Amino acid sequence: MADTTEMKAEGLLDEAKGKVKDGFGGLTGDAKLQAEGKFDQLSGMAQQDFADLYDEGETKLEAATAFVQDRPLISLVIATVVGMIVGGLMFGRKSS
């Protein structure tokens with residue numbers, strides 16, 4: 001039980017941190033900071049949702065499978081964002 005409480009707390013913290021980054025990025029016109037903020041918010045919300053689905057009797061793999069089955073759209077968005085970040089880090093942007 002303490003494990004899910006800790007996961008929820010971390011999710012709330014990530015979501016709050018994301019809101020701050022998103023707001024600050026919007027004020028300063030920093031699109032990268034704003035995007036990081038939106039990612040942190042989404043990550044925090046997903047972490048909280050995952051904690052809600054996590055049951056002490058389940059293994060982490062079973063919990064992850066249940067999360068994907070119960071929230072396919074959020075899972076797809078997370079996978080897309082992570083893929084874009086990894087792709088950007090691996091290949092970077094080439095300026096013409």
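Values in this document were obtained by computation on a predicted structure and should not be read as measured data.

K.L.:
An account of the side chain of glutamine 48 is requested, with residue identities and associated values reported.
P.N.:
Within the fold, glutamine 48 resides in helix 2 (residues 31-53). Here glutamine 48 falls in the buried class, since its relative accessible area comes to 17%. Ignoring sequence-local partners within four residues, the contact set of glutamine 48 consists of Lys8, Gly11, Leu12 and Glu15.

K.L.:
Give a description of the packing of helix 2 against helix 3 (residues 60-70) that names residues and reports values.
P.N.:
Packing of helix 2 against helix 3 leaves a shortest axis separation of 9 Å and a crossing angle of 115 degrees. Taken as a pair, helix 2 and helix 3 cross one another with a handedness that is right-handed. Where helix 2 abuts helix 3, its residues Ala46, Asp49, Phe50 and Leu53 lie against Lys60, Ala63, Ala64, Ala66, Phe67 and Asp70. Of the residues that constitute the contact of helix 2 with helix 3, the class distribution is seven nonpolar, no polar and three charged.

K.L.:
Give a detailed account of the pattern of salt bridges, specifying residues and quantitative values.
P.N.:
Under the defined criterion, the tally for this structure stands at six salt bridges. The salt bridge partner of glutamate 15 is lysine 19, with a shortest N-O separation of 3.9 Å. One end of the pair, glutamate 15, and the other, lysine 19, are both in helix 1 (residues 2-28), four residues apart, so they sit about a helical turn from each other. For the salt bridge of aspartate 49 with arginine 71, the shortest nitrogen-to-oxygen distance reads 3.5 Å.

K.L.:
Talk me through the side chain of glutamine 47; I want residue IDs and the actual numbers.
P.N.:
With respect to the helices and strands, glutamine 47 occurs in helix 2. Separated by 3.2 Å, the side chains of glutamine 47 and glutamate 10 make a polar contact.

K.L.:
How would you summarise the confidence of the model for the protein chain if you had to cite specific residues and measurements?
P.N.:
This prediction gives the protein chain a mean pLDDT of 82; 88% of its residues lie at or above 70. Looking over the protein chain, one finds the lowest element-wise mean pLDDT in helix 3, namely 80, and the highest in helix 1, namely 86.

Parameters at a glance
Residues numbered from 1 in each chain as written. Predicted model: local features only at pLDDT ≥ 70, side-chain atom pairs only at ≥ 80, totals over all residues. Heavy atoms only, no water. Helix = DSSP H or I, 4+ residues; strand = E, 2+ residues; numbered from the N terminus. Buried < 20%, exposed > 50% of the residue type's maximum accessible area, 1.4 Å probe, protein only. Contact = heavy atoms within 4.5 Å. Axes fitted to C-alpha atoms, helices over the stretch in contact; angles between N-to-C directions. Left-handed = near helix turned anticlockwise from the far one by under 90°. Nonpolar A, V, L, I, M, F, W, Y, C, P; charged D, E, K, R; others polar. Salt bridge = Lys/Arg side-chain N within 4 Å of Asp/Glu carboxyl O. Polar contact = N/O pair within 3.5 Å; in protein donor to acceptor, adjacent residues only side chain to side chain. pLDDT = per-residue confidence, 0-100.

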